[in-house]
2 protein chains.
Amino acid sequence: MTGARLKHYGWGREGEGMNAEEQAFVLGRYRTKFSRDNFETKALPRLEDLSLRTPRVTPPAALAAFCTTERYDRAAHAYGKSYPDYVRGMLGDYDCAPDVVAYPRNEREISAVMDWAGGAAASLTPFGGGSSVCGGVEPRADGMRYKAAITLDLRNLGKVVEVDQASRAALIEGGAYGPSLENQLKPHGVTLRHFPQSFEYSTLGGWIATRSGGHFASLYTHIDDFVESLRVVTPRGMLETRRLPGSGAGPSPDRLLIGSEGTLGVISRAWMRLQPRPKFRAGASVRFGTFFAAARAVRAIAQAGLYPSNCRILDPQEAYNTGAADGSVAIMVLGFESGDHAPDARMARALECCADHGGTPEPASGDAHLEGAAGIWRNAFIRMPYAREFLTPAGIINDTFETAITWDRFESFHDHVKAATERAIIEATGMKGEVTCRFTHVYPDGPAPYFSFHALGRHGALLEQWQAIKNAASDALIEAGGTITHHHAVGRDHRPWYDRQRPELFASALRAAKGELDPHGILNPGVLIDP
Amino acid sequence: MTGARLKHYGWGREGEGMNAEEQAFVLGRYRTKFSRDNFETKALPRLEDLSLRTPRVTPPAALAAFCTTERYDRAAHAYGKSYPDYVRGMLGDYDCAPDVVAYPRNEREISAVMDWAGGAAASLTPFGGGSSVCGGVEPRADGMRYKAAITLDLRNLGKVVEVDQASRAALIEGGAYGPSLENQLKPHGVTLRHFPQSFEYSTLGGWIATRSGGHFASLYTHIDDFVESLRVVTPRGMLETRRLPGSGAGPSPDRLLIGSEGTLGVISRAWMRLQPRPKFRAGASVRFGTFFAAARAVRAIAQAGLYPSNCRILDPQEAYNTGAADGSVAIMVLGFESGDHAPDARMARALECCADHGGTPEPASGDAHLEGAAGIWRNAFIRMPYAREFLTPAGIINDTFETAITWDRFESFHDHVKAATERAIIEATGMKGEVTCRFTHVYPDGPAPYFSFHALGRHGALLEQWQAIKNAASDALIEAGGTITHHHAVGRDHRPWYDRQRPELFASALRAAKGELDPHGILNPGVLIDP
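All values reported here derive from a predicted model rather than from experimental measurement.

### Digging into the overall build of chain A
Looking only at helices and strands, chain A has 16 helices and 18 strands in total. A globule of 531 residues ought to have a C-alpha radius of gyration of about 24 Å, and chain A, at 23 Å, matches this closely. Taking the principal axes of its C-alpha atoms as reference, chain A extends roughly 65 × 60 × 45 Å. Considering chain A as a whole, with its 531 residues, one finds that 65% of them fall into the buried category. Expressed as a percentage of contacts within chain A between residues at least 6 apart in sequence, the contacts between residues at least 24 apart total 74%. Of the roughly 18,200 Å² of accessible surface on chain A, a fraction of 50% belongs to carbon and sulfur atoms.

### Focus on the UniProt feature "binding site: substrate" (unreviewed entry) in chain A
Residue and element names in this part refer to chain A. According to UniProt, the positions carrying the feature "binding site: substrate" (unreviewed entry) are Arg388. With respect to the helices and strands, the residue Arg388 is situated in helix 12 (residues 388-391). When its relative accessible area of 12% is taken as the criterion, Arg388 is described as buried.

### With respect to the relation of the copies chain A and chain B
Least-squares fitting of chain A to chain B yields an RMSD of 0.0 Å, with the superposition described by an axial translation of 0.0 Å and a rotation of 180 degrees. Within this description, the copies of the chain are treated as partners about a two-fold rotation axis. No C-alpha of chain A lies nearer the rotation axis than that of Ala512 of chain A, which sits 2.6 Å from it.

### Brief notes about the interface of chain A and chain B
Across the boundary between the two partners, chain A contributes 82 residues, which contact 82 residues of chain B. Contact between chain A and chain B buries roughly 6,400 Å² in total, counting both sides, with carbon and sulfur atoms accounting for 59%. In terms of surface lost to chain B, no three residues of chain A exceed Arg242, Pro251 and Leu505 of chain A, which account for 12% of the buried area on that side. The interface formed by chain A and chain B contains 6 salt bridges. Of the charged contacts in the structure, one is a salt bridge between Asp340 of chain A and Arg349 of chain B, with a shortest N-O distance of 2.6 Å. Here the side of chain A that touches chain B takes 9 residues from helix 16 (residues 504-517) of chain A, the largest share from any one element. Considered class by class, the residues forming the side of chain A that touches chain B number 36 nonpolar, 27 polar and 19 charged.

### Digging into the packing of helix 13 (residues 410-429) of chain B against helix 14 (residues 462-479) of chain B
All names here are of chain B. Two elements in contact, helix 13 and helix 14, have axes whose closest approach is 8 Å; the angle formed by their N-to-C orientations is 160 degrees. Taken as axis vectors, helix 13 and helix 14 run roughly antiparallel relative to one another. Note on packing geometry: the crossing formed by helix 13 with helix 14 is right-handed. Residue-level contacts link Phe413, His416, Val417, Ala420, Thr421, Ala424, Ile425, Ala428 and Thr429 of helix 13 to Gln465, Ala468, Ile469, Ala472, Ala473, Ala476, Leu477 and Glu479 of helix 14. Of the residues that constitute the contact of helix 13 with helix 14, the class distribution is 12 nonpolar, 4 polar and 1 charged.

### Observations regarding the pairing of strand 6 (residues 169-173) of chain A
Residues and elements named next belong to chain A. Within strand 6, 5 of the 5 residues are buried, which leaves it mostly tucked inside the rest of the structure. Every second residue of strand 6 is oriented toward a common face, with Ala169, Leu171 and Glu173 on one face and Ala170 and Ile172 on the other, all of them buried. The pairing of strand 5 (residues 160-164) with strand 6 spans 4 bridges and is antiparallel. Residue pairing for strand 6: Val160 is matched across the bridge by Ile172.

### A closer look at the sheet that holds strand 4 (residues 148-153) of chain A
Sheet strands pair by backbone hydrogen bonding; their relative direction is either parallel or antiparallel. Residues and elements named next belong to chain A. The strand order 1-2-4-3 describes an open sheet built from 4 strands, whose pairing is mixed. Either end of the sheet is taken by a strand with one partner, and the two such strands are strand 1 (67-68) and strand 3 (122-127). Direction of pairing for strand 2 (residues 100-102) relative to strand 4: parallel, over a ladder of 3 bridges. Directly across from Val101, in strand 4, lies its bridge partner Thr151.

### Side note on the packing of aromatic side chains
Residue and element names in this part refer to chain A. This structure, assessed with the given rule, holds 35 aromatic pairs over all chains. Geometrically, the ring pair formed by Tyr30 and Phe34 is stacked, given 5.9 Å between the ring centres and 15 degrees between the ring planes. In this pair, Tyr30 and Phe34 are both assigned in helix 1 (residues 20-34), 4 residues apart and thus about one turn of the helix distant. Exposure remark for Tyr30: the relative accessible area of 5% places this residue in the buried category. Judged by centre distance (5.4 Å) and plane angle (65 degrees), the rings of Phe291 and Phe439 are edge-to-face. A residue pair is termed long-range when its members are at least 10 positions apart, and Phe291 in helix 8 (residues 291-303) and Phe439 in strand 17 (residues 434-443) qualify at 148 residues. Given the relative accessible area of 6%, Phe291 is considered buried. Members of the aromatic cluster, joined through ring pairs, are Phe291, Phe292, Trp407, Phe410 and Phe439.

### Side note on the side chain of His441 of chain A
Looking at where His441 of chain A falls in the secondary structure, it is placed in strand 17. A distance of 3.1 Å separates a polar side-chain atom of His441 of chain A from the backbone oxygen of Gly214 of chain A.

### As for the confidence of the model for chain A
Averaged over chain A, the pLDDT score is 95; the fraction of residues at 70 or greater is 98%. Overall fold confidence for the complex sits at a pTM of 0.97, while the interface term, ipTM, reaches 0.96.

### A short note on the pairing of strand 4 (residues 148-153) of chain B
Residue and element names in this part refer to chain B. For strand 4, the buried fraction is high: 6 of the 6 residues fall into the buried class. Of the two faces of strand 4, both are covered, the one formed by Ala148, Ile150 and Leu152 as well as the one formed by Ala149, Thr151 and Asp153. Pairing of strand 3 (residues 122-127) with strand 4, which is carried by 6 bridges, proceeds in the parallel orientation. Note that in strand 4 the partner of Leu124 across the bridge is Ile150.

### Digging into the sheet that holds strand 9 (residues 237-240) of chain A
Residues and elements named next belong to chain A. Ordered by their spatial adjacency, 5 strands build an open sheet running 5-6-10-8-9, and the pairing between neighbours is antiparallel. The outermost strands of the open sheet, each flanked by one partner alone, are strand 5 and strand 9. Each strand of the sheet is rotated relative to its neighbour by a mean of 10 degrees, with strand direction disregarded. With 5 bridges connecting them, strand 6 and strand 10 (residues 266-273) associate as antiparallel partners. Note that in strand 10 the partner of Ala169 across the bridge is Arg273. Strands in contact with helix 5 (residues 178-185) are strand 5 and strand 6; relative to strand 5, the strand with the most contacts, it is inclined by about 45 degrees.

### Some details on helix 8 of chain A
Given 3.6 residues per turn, any residue in an α-helix points the same way as the ones three and four places further on. Residues and elements named next belong to chain A. The end-to-end C-alpha distance of helix 8, which contains 13 residues, comes to 18 Å, matching closely the 18 Å that a straight helix rising 1.5 Å per residue would cover. With 10 of its 13 residues buried, helix 8 lies for the most part within the structure. Here helix 8 has its buried residues at Phe291, Phe292, Ala293, Ala294, Ala295, Ala297, Val298, Ile301, Ala302 and Gln303. Of the residues one or two after helix 8, Gly305 is the one with positive phi, at around 70 degrees.

### Brief notes about the packing of helix 8 (residues 291-303) of chain B against helix 10 (residues 344-356) of chain B
Residue and element names in this part refer to chain B. Contact geometry for helix 8 and helix 10: axes closest at 8 Å, N-to-C directions at 145 degrees. Every pair of crossing elements has a handedness; the one defined by helix 8 and helix 10 is right-handed. Contacts between helix 8 and helix 10 involve Ala297, Ala300 and Ile301 from the first element and Ala350, Cys353 and Cys354 from the second.

### Thoughts on unusual backbone geometry
In most cases, non-glycine residues show a negative phi, while peptide bonds are predominantly trans. All names here are of chain A. Even without glycine at this site, Ala489 takes up a positive phi of about 80 degrees. Tracing the backbone through its elements, the reader meets Ala489 in the loop between helix 14 (462-479) and helix 15 (495-501). Positive phi, normally seen in glycine, also occurs at Leu528, with a value near 65 degrees. With respect to the element layout, Leu528 can be found in the segment after helix 16.

### Focus: the side chain of Asn398 of chain B
Within the secondary structure, Asn398 of chain B sits in strand 16 (residues 396-402). Apart from the residues lying within four places of it in its own chain, the contact partners of Asn398 of chain B are Tyr30, Tyr83, Arg388, Leu391, Phe453 and His454 of chain B.

### A closer look at the state of the cysteines
With the rule as written, the count across this model stands at 0 disulfides over all chains. Free cysteine: Cys67 of chain A, not disulfide-bonded; nearest cysteine sulfur from Cys96 of chain A at 19 Å.

### Quick notes on helix 13 (residues 407-429) of chain A
Residue and element names in this part refer to chain A. An ideal rise of 1.5 Å per residue puts 33 Å on 23 residues; helix 13 measures up with 33 Å between its terminal C-alpha atoms. Within the sequence span of helix 13, burial applies to Trp407, Phe410, Phe413, His414, Val417, Ala420, Thr421, Ala424, Ile425 and Thr429. Where helix 13 is buried, its residues touch helix 8, strand 16 (396-402), strand 17, strand 18 (446-456) and helix 14. Of the residues flanking the end of helix 13, it is Gly430, one or two places downstream, whose phi is positive at about 75 degrees.

### Things to note about the pattern of salt bridges
All chains considered together, the criterion is met by 78 salt bridges over all chains. Two residues, Glu40 of chain B and Lys42 of chain B, come together in a salt bridge whose shortest N-O distance is 3.8 Å. Judged by its relative accessible area of 55%, Glu40 of chain B falls in the exposed class. Lys42 of chain B sits in the partly exposed class, given a relative accessible area of 38%. Counted as one network, the salt bridges with shared partners bring together Asp164, Glu228 and Arg243 of chain A together with Asp408 and Arg409 of chain B.

Quick notes on the rules
Residues numbered from 1 in each chain as written. Chains lettered and ligands numbered in written order. Predicted model: local features only at pLDDT ≥ 70, side-chain atom pairs only at ≥ 80, totals over all residues. Heavy atoms only, no water. Helix = DSSP H or I, 4+ residues; strand = E, 2+ residues; numbered from the N terminus. Rg over C-alpha atoms; globule rule 2.2 N^0.38 Å. Buried < 20%, exposed > 50% of the residue type's maximum accessible area, 1.4 Å probe, protein only. Contact = heavy atoms within 4.5 Å. Areas by Shrake-Rupley, 256 points an atom, 1.4 Å probe, with all protein chains shown as cover. UniProt positions renumbered as here; feature names shortened; annotations may be inferred. Least-squares fit on C-alpha atoms with pLDDT ≥ 70 in both. Buried area = accessible area lost by both parts, 1.4 Å probe. Salt bridge = Lys/Arg side-chain N within 4 Å of Asp/Glu carboxyl O. Nonpolar A, V, L, I, M, F, W, Y, C, P; charged D, E, K, R; others polar. Axes fitted to C-alpha atoms, helices over the stretch in contact; angles between N-to-C directions. Parallel < 35°, antiparallel > 145°, perpendicular 65-115°, else oblique. Left-handed = near helix turned anticlockwise from the far one by under 90°. Pairing = 2+ DSSP bridges. Phe/Tyr/Trp six-rings, centres within 6.5 Å; stacked < 30°, edge-to-face > 60°. Polar contact = N/O pair within 3.5 Å; in protein donor to acceptor, adjacent residues only side chain to side chain. pLDDT = per-residue confidence, 0-100. Expected span 1.5 Å × (residues − 1). Disulfide = S-S within 2.5 Å.

Here's what the structure looks like:
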């Protein structure tokens, strides 16, 4: 990590954010949406004014060199980036801040912190970039079972250790941030090409622990498929899987660890499958009369085996909100890429699938995927996370949730979830809000719909209002057969619905597995399973 | 299942097998290989002459309607299809035959058998088609912890229950045999297209439980990727996962059950992702000067993202043995297919990759994948399993083992494993044998090499000779970094090497998970983990 330090409140580094023009665009849209000239806007507490409790534990001398109890470090590790995190931060509530933040420099130091935490009856929260939007990195201490809270920040394990050109794979440390990881791979002519929205401020270990969704809209949607082997530090010792391109030797050990969200161990290293740097690209933006027409085209493309790297659709309102269209049409952002051969035939066939469902390509020339509606949307997508730090103080509730569902149920599922969320907004805020939908990833058997919602909240009630909307949306998702998360992870916020979705006997098996790897239950208590 | 009953000894149904011409071809090759005019050939015991112990348990009246203690049923469920299974069958050793074979007709009856087995302290062995080549279906009773052995044959759960055309998926019962499953899907215009070598005599549930390797040489190599959701009967009750095209909600429950080899539960139903029936095909056979040249072409194709459905290579000796070439060249069997569009561009690019490594396509016309070397090899591949039932009585040891390894280590790995196996054959039999290699599946980061070996054994010592060779080959695989199985599963035969390959902490986690689902440890004891 280089440059300014990460904000303790907000997205990215200190000094970064939306410029005045971007802010004006975003706020302008909300003024129109809610028919308001202005929003009642709260001031944010300054770091130096936050009141943090006296640390309940002190690092032993042997660990002191890489542990800190500094105000900034504790405040910057109190929260992830969820909507309620922003509200509580705005209110100056840093009660959950860790007592100590450890920055281990190697696996031995990770182990040492685990031993210390176990002995001190402290919870231990693994922390990558801290971009969790579901309460996955918030420290826990209850004064009873967990007498203190220690956060383990992996940023010092950020190296690409080895590149295997023949197998096109690399051994990478778990704390590597997206840009640093790519910068280290670049001289070797390879790339991981895993670009979650949080790319700049999230880590390889975090991606693996949360089954992150990345660049590829089809085929290799989750980071899962790029994991060749893992090295995980557990309270019981090291767990290392064998580097294999494929195996059928019993249930996959990797797949038990992928998605374990810091509850089974800390991913210190992983051999990752890499991609060639793309040399050939084809891209287009395609307009459709309705979102469902676009969805039917997506289904045709997914089932044709064309494997687009991008095949995202935006409903008319979402396209309008990001400035990609005028609100009358749905947009498909379609892209193919290859490091080996021109993908023109696949692009041509995909456009035929679009035409079959009434899709019309936007006129474009040259590097189409960076131009037109697609380019505008892409830019908005990357800048989006910066908006919340000024929208929350303005009392605006904006959040997203995402899921996956099979094609046979998609249209009724979409309508059910959207209607339930719209109703909940009115009930919670007394005023109409907005719920929009896009697809982030697609499969032959169904899409991954991603919903955004916008509501005008009331200071003093923002948490309750948000929770009421979140509950209604999550209930609707689960009732209608979806997953509570396609790639945002479970954390603590999604637990009630994850518990309904997950087979009870699998929960028992997972608890038993955790009992073996983390016998004192220090790792991320409450995430995925009860302590 | 229709037609004659399955052989209690040998491959397929009674009355089936290689005809005289095929037998002469196979035996002729062995006569030349071992410079023998004839082989000392043992007679096989007749079913009616086998001595089976008196059953140690009797099914309760409520289960009697679907349980049997008939001689044929017990003998036909004593063994899988491994080499030592054939030797022991030839010797009339049916000591391991189950006391009772149950043929449940629904999940309720599966549960009832589990309850009975738990109460009677009997082991319970789930049985699909019985094609295990690693001791995965052999019943266990030790008179102590397991007082008797019950086999649960799933053949009566063979229905395609529902087809979802929109999502291109089907709900299929676990006991469905390959041909029956495909026949039921055919009227709907869809196919699972999972064709392991055992296709005719293996079941969907068996494929999933053993992470079977199928038709597709790249991309979708294992059945794992086609599983949308599972329904599993465990001794603790039903475990059913949610039908989802993708999810990031915690570690995948399906992936814990896929590959569990009957130790965690019995797969009664699965929603499976289907394929369109192929409308477009392109195929070729390509000759290479050496196996490694062919392997380098495979690597180029795999890393180019071309996704061939077939990309198998045979070393010169293997190509000769199957009649596909004269022994001077390695052969690549290359195929592309699609239900949507012509794969000609991918084929052309793959042939360029071959040319880059000295590959020359064989002249072919029309449906090339069924012609020439490719066609000859394909036919030999399907007929191969019928040979063992007359080779074993002739004292010929022929067996296969398979693995996967990353590209950086492949060539030295191949040489190490091949040399170790060749040495072991000489040491065990006093005579030179033969070890050949092909690739069955390929990945961007490495191939799945598949070895065959041939040795002239000695009656009275066949088991020991085979075991010595198997040990040497398996030791070499594991030492050199491979997996003990890419798609043959672990069973009991691969346990010693699986235990070395598997991280010890994962073994602990898996044992703990089993303790939750199968608290009395009745399911397939000794497979994957110790009872």
